[in-house]
Each structure stands twice: as structure tokens, then as C-alpha cells.
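Each chain is listed here by its residues.
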Amino acid sequence: MPIKASLIAAALAITLPASSPAYALDSHAETSPTDEQMITEWGTKWQQLFEAGDIEKMRDMYEPDAVLMAHGSLPQIGVDAILSFLGRNKAVGNKVTIDFANEDITIDGQRAYLTAKYWMTITLANGQVLDFKGRSFLVYKKSKNGLWRLWRDMDNQAPDVMAEDRPVR
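Residues numbered from 1 in each chain as written. Predicted model: local features only at pLDDT ≥ 70, side-chain atom pairs only at ≥ 80, totals over all residues. Heavy atoms only, no water.

Chemist: Mind showing me how you'd approach the environment of D131 here?
Modeler: Assignment of secondary structure puts D131 in strand β5 (residues 129-142). Residues D131 and W119 lie 12 residues apart in sequence; the distance between their C-alpha atoms is 7.4 Å. Among residues more than four places away in sequence, those in contact with D131 are M120, T121 and R166. Here T121 takes part through its side chain, which lies 2.5 Å from a polar atom of the side chain of D131. (Helix = DSSP H or I, 4+ residues; strand = E, 2+ residues; numbered from the N terminus. Contact = heavy atoms within 4.5 Å. Polar contact = N/O pair within 3.5 Å; in protein donor to acceptor, adjacent residues only side chain to side chain.)

Chemist: Whenever I open this one, the pattern of salt bridges confuses me. Can you help?
Modeler: It is possible for side chains bearing opposite charge to pair when their charged atoms get close. Taken as a whole and judged by the stated rule, the model has 10 salt bridges. Of the charged contacts, one joins K57 and D54 as a salt bridge, the two residues approaching to 4.0 Å between their closest N and O atoms. By relative accessible area, which is 29% here, D54 ends up partly exposed. Members of the salt-bridge network, linked through shared partners, are E51, D99, R166 and R169. (Salt bridge = Lys/Arg side-chain N within 4 Å of Asp/Glu carboxyl O. Buried < 20%, exposed > 50% of the residue type's maximum accessible area, 1.4 Å probe, protein only.)

Here it is as C-alpha cells:
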């Protein structure tokens, strides 16, 4: 009997860790992105679409009642207004590049909060170059299918965001 009990104990030692909740969470994290990774990837996708002027492809990235509060502009309420606002540069032939440096991402259940530094360059159709830099505060909501969508976006021009700190491409 001691041999059988040892075999059972060995079998339990091998199978229990694999079925424990802690192990399940760890193995799940290895095979699927974390919420923080999904939000970071969201930002990369947004940047690519915005710079390419593929604004309509951004529609599903926003909550229907999203609000954009860009520095010096009236609030843009709802996805249609936001996309129209974001598409105005391409509509007049301007080229826009934008870079972000995330400072803090906080996940709180079905909401996520992100602060980031930003640098934006708008090259007007006539060749004039405009540079802006500042900070963004973004609030995301997690949808029922597990995807994050932007709900609130507020930007300001912050004096502590320096041009020389812009990420190198």
C-alpha cells in the first residue's frame, strides 16, 4: 500500500498545479495579451490609422458616446463628430505625424486610464510646419467582447513636454 499511496501523491503533485486557479491565470497570460498590452496596441493602431488618414477605420475603436476634448477646440461629442474632427487635416491636404510616450496605465475593472505625452507635427499643404506637444488623458471602456474602446480623450499643451524628448522613429 505505501507504493500505491506514493503513486497517488505523485500523480496529484503533477496534476494539481496545472488545474489550480493561479496556474490557469499564469498560463492564460502567456497565450493572450494583457489589458495593458491591448491598450498599448490600440494606441499603435490608432496612430497608424490617423497618420495614414484612414479615419473611418477608427470608428470601432470608439464608444458611441465618446468625447474628444482637444486643446483649444470645442468638445467633439460622438463618434461621427470625432472622426470628422480627426479627418479634417487629410481633407485639406495636410500631413500629420504623431508620437506618444505612455506615462501611466491604470486598469480598474471595465475602465482603463492612460496618461501619455504627445508630439504632433502638421505639415500644411503649403509646406508650413506646425508643432504641438503636450499630454493626453484617455479613458477606455472594456466592451462585452473584451476589447477596449476609447470613451474620453482630453489633450493639453503641457510646458514640461519637451521637443527633444520626442520618441525617435
